[in-house]
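Observations on the model geometry
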Amino acid sequence: MAAAGSWSDACSSAGKAGTRPGTVVGVTPQETPPQDAPQGPWSCRLHVITGKGGTGKTTVAGALAVALATGGRRVLLTEVEGRQQIAQLFDTPPLPYAERKVASAPGGGEVFALAIDAEEALLEYLEMFYNLRRAGKALGRIGAIDFATTIAPGVRDVLLTGKVKEAVNRPDATRAGGRAYDAVVLDAPPTGRIARFLNVTAEVAGLAKMGPIRAQADNVMAVMHSGSTAVHLVTLLEEMPIQETVDGVCELRAAGLPVGGVIVNMVRTPLLDAGDLQLASTGQLDLEGLAAGVKGAGLRPSAELVHALAAQAAQHARRVVLETVQRREVEALGRPVYELPLVADGVDLGVVYQFAELLRTQRMVG
Ligand SMILES: Nc1ncnc2c1ncn2[C@@H]1O[C@H](COP(=O)(O)OP(=O)(O)O)[C@@H](O)[C@H]1O
Ligand SMILES: [Mg+2]
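The text that follows walks through the structure, step by step, so that each part is easy to find. (Residues numbered from 1 in each chain as written. Chains lettered and ligands numbered in written order. Predicted model: local features only at pLDDT ≥ 70, side-chain atom pairs only at ≥ 80, totals over all residues. Heavy atoms only, no water.)

**Let's talk about the overall build of the protein**
Assigned secondary structure in the protein consists of 14 helices and eight strands. Counting contacts in the protein only where the partners sit at least 6 residues apart, residues at least 24 apart contribute 72% of the total. Accessible surface computed for the protein: about 17400 Å², of which carbon and sulfur atoms make up 55%. (Helix = DSSP H or I, 4+ residues; strand = E, 2+ residues; numbered from the N terminus. Contact = heavy atoms within 4.5 Å. Areas by Shrake-Rupley, 256 points an atom, 1.4 Å probe, with all protein chains shown as cover.)

Below, the structure is given as structure tokens:
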């Protein structure tokens with residue numbers, strides 16, 4: 001766990017001119033020191049996956065769901081951005097607003113998936129609490145609520161996170177543990193929005209001081225801040241994603257949300273050993289040796305080719321050095337770090353299962 005007192009020092013104010021480190025626009029900083037989630041392996045009931053767009057959030061969320069289900073558990077994988085990315089990942093038709101099994105896990109486990117839609121969540125909510133589903137539908141039809149465009153973003157987030165909370169807490173007396181799902185994985189919005197998305201009470205504070213929205217927001221917050229939630233961050237060993245991760249951890253801590261682990265995705269293994277990397281980065285590679293290697297591979301070792309190869313090796317070496325610096329930045333966050341390799345042919349269902357196994361062998365899940 002990061003030492004109390006040092007957390008805000010790690011904050012970067014990049015891109016947020018005028019804000020004090022640790023201050024997040026729209027997020028009320030907590031008076032108390034931040035409480036990260038405990039170190040892994042994670043046995044929490046809610047795993048939230050965030051990260052810069054394109055770093056592999058959906059892929060990691062899917063792999064984590066399979067990893068958690070392995071050994072016979074039942075896991076719900078949810079998405080909230082209306083993009084049907086889970087269905088694509090698991091090669092299934094688009095998900096309706098209903099939980100559907102998308103995968104089996106080794107040992108009899110099951111992964112269900114749900115694409116949460118704010119409008120459906122509202123109708124469900126109205127029905128559950130006021131028996132108003134039909135009224136809500138009629139309202140929708142006559143256009144009295146042009147829902148997607150006019151709803152306050154904070155309320156929208158309460159509806160989305162409210163559905164997640166419902167799934168986390170849903171009872172099922174027929175199952176050991178008494179819950180419908182042993183764990184829920186949320187493929188969440190990107191790092192830049194995650195603290196506001198999860199910190200719903202602050203978001204609706206100006207809109208609703210009491211009443212059902214506020215009550216729902218408070219219930220969501222209770223789950224998000226509880227010891228059974230962890231917010232994991234996916235990153236790459238590249239400057240921008242690392243910066244977003246550092247800022248994201250900072251913002252989550254400022255909002256008192258439990259930071260989980262960091263998953264470094266698309267890791268490339270160095271092509272040269274440490275000695276050659278050193279030589280390549282300083283332009284001291286043995287060109288004759290390189291020429292001999294080219295010849296050994298059945299190619300003509302023209303000076304042009306050998307120099308082009310040396311230049312590529314130098315570029316590779318510089319990248320490896322940068323990655324080492326970035327790895328240190330990740331480690332400095334004081335959270336457990338997990339790594340997944342770059343796969344050359346892209347991610348298919350087989351890769352999702354391989355990644356699940358890698359997360360298990362790295363003890364991300366218990
Ligand atoms: N380890 C990996 N190796 C190769 N490609 C990957 C890896 N992880 C993710 N991808 C690919 O990168 C793209 C972005 O991944 P995705 O999980 O959709 O990211 P996000 O949800 O953060 O936008 C997808 O095409 C995905 O298949
Ligand atoms: Mg995604």
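**Let's talk about unusual backbone geometry**
Even without a glycine there, the phi angle at glutamine 84 is positive, about 55°. In the Ramachandran plot, arginine 363 falls in the positive-phi region, its phi being about 60° despite a non-glycine side chain. Mapped onto the elements of the fold, arginine 363 is located in the segment after α14 (349-361).

**With respect to α14**
One full turn of an α-helix is made of 3.6 residues, so residues set three or four places apart face in the same direction. Compared with the 18 Å implied by 1.5 Å per residue over 13 residues, the 19 Å span of α14 between its first and last C-alpha is a close match. Tucked into the core, α14 has its buried residues touching α1 (57-69), α2 (85-89), β7 (259-267) and β8 (337-341). At the N-terminal boundary of α14, the capping side chain belongs to aspartate 348, with an oxygen 3.1 Å from the backbone nitrogen of glycine 350. (Expected span 1.5 Å × (residues − 1). Polar contact = N/O pair within 3.5 Å; in protein donor to acceptor, adjacent residues only side chain to side chain.)

**Thoughts on the coordination of the magnesium ion (ligand 2)**
Donor atoms from the polypeptide that bind the magnesium ion (ligand 2) are Thr58 (OG1) and Gln85 (OE1), placed at 2.1 to 2.2 Å. Taken as a pair, threonine 58 in helix α1 and glutamine 85 in helix α2 lie far apart in primary sequence, 27 residues in all. Residue glutamine 85 is classed as partly exposed on the basis of its relative accessible area, which comes to 27%. (Donors = N, O, S within 2.8 Å, 3.2 Å for Na, K, Ca; no water. Buried < 20%, exposed > 50% of the residue type's maximum accessible area, 1.4 Å probe, protein only.)

**Overview of the site of ligand 1**
Taken together, 14 residues surround ligand 1, and among them Lys57, Thr58, Thr59, Asn265 and Pro341 come closest. Threonine 58 has a polar side-chain atom sitting 2.9 Å from an oxygen atom of ligand 1. At 2.9 Å from a nitrogen atom of ligand 1 is found a side-chain nitrogen or oxygen belonging to asparagine 265. In isolation ligand 1 exposes 560 Å². Once the protein is present, 74% of that is buried. Secondary-structure elements contributing two or more residues to the shell around ligand 1 are α1 and β7. By residue class, the composition of the shell around ligand 1 is six nonpolar, six polar and two charged. (Near = heavy atom within 4 Å. Nonpolar A, V, L, I, M, F, W, Y, C, P; charged D, E, K, R; others polar.)

**Notes on helix α7 (residues 191-198)**
Those residues of α7 that fall on the buried side of the exposure criterion are Thr191, Ile194, Ala195, Phe197 and Leu198. Buried residues along α7 cover an arc of 165° about the axis, so they all sit on one side. (Arc of directions from axis to C-beta.)

**Quick word on the side chain of arginine 175**
Note on placement: arginine 175 falls in the loop between α6 (153-169) and β5 (183-187). Among the residues examined, arginine 175 registers a relative accessible area of 17% and is labelled buried. In terms of polar contacts, arginine 175 uses its side chain to reach the backbone carbonyl oxygen of arginine 179, at 2.8 Å. Those residues in contact with arginine 175, other than ones at most four positions away along the chain, are Arg74, Ala180, Tyr181 and Asp182.

**Structural notes on the packing of aromatic side chains**
The geometry of an aromatic ring pair is captured by two quantities: the separation of the ring centres and the angle between the planes. Going through the model one piece at a time under the given rule, you end up with one aromatic pair. With a centroid separation of 6.0 Å and 65° between ring planes, the pair formed by phenylalanine 112 and tyrosine 181 is classed as edge-to-face. Here the residue phenylalanine 112 occupies a position in strand β4 (residues 109-115), and tyrosine 181 occupies one in the loop between α6 and β5, the gap between them amounting to 69 residues. A relative accessible area of 5% places tyrosine 181 in the buried class. (Phe/Tyr/Trp six-rings, centres within 6.5 Å; stacked < 30°, edge-to-face > 60°.)

**Digging into the sheet that holds strand β2 (residues 74-79)**
With mixed pairing, the eight strands of this open sheet are ordered in space as β3-β4-β2-β5-β1-β6-β7-β8. The sheet is open, and its two edges are formed by β3 (100-105) and β8, each paired on a single side. Averaged over neighbouring strand pairs, the angle between their axes works out to 25° when direction is ignored. Pairing geometry for strand β6 (residues 229-235) and β7, over four bridges, is parallel. Bridge pairing in β7 places valine 231 opposite valine 259. Contacting β1 (46-51), β5 and β6, α7 runs over the sheet at an angle of about 145° to β1. (Pairing = 2+ DSSP bridges. Axes fitted to C-alpha atoms, helices over the stretch in contact; angles between N-to-C directions.)

**Brief notes about the packing of α7 against helix α10 (residues 239-254)**
At a minimum axis distance of 8 Å, the contact between α7 and α10 shows a crossing angle of 10°. With respect to α10, the axis of α7 lies roughly parallel. Every residue of α10 that contacts α7 at Thr191, Gly192, Ile194, Ala195 and Leu198 is listed here: Glu244, Gly248, Glu251 and Leu252. In the contact of α7 with α10, the residues fall into four nonpolar, three polar and two charged. (Parallel < 35°, antiparallel > 145°, perpendicular 65-115°, else oblique.)

**Quick look at the pattern of salt bridges**
Overall, the coordinates contain 13 salt bridges when judged by the stated rule. A salt bridge links glutamate 99 to arginine 170, with the nearest nitrogen and oxygen atoms 2.9 Å apart. Of this pair, glutamate 99 sits in the loop between α2 and β3 while arginine 170 sits in the loop between α6 and β5, and the two are 71 residues apart along the sequence. Look at glutamate 99 and you get partly exposed, because its relative accessible area is 24%. Shared partners join several salt bridges into a network, and the residues in it are Glu99, Lys163, Glu166 and Arg170. (Salt bridge = Lys/Arg side-chain N within 4 Å of Asp/Glu carboxyl O.)

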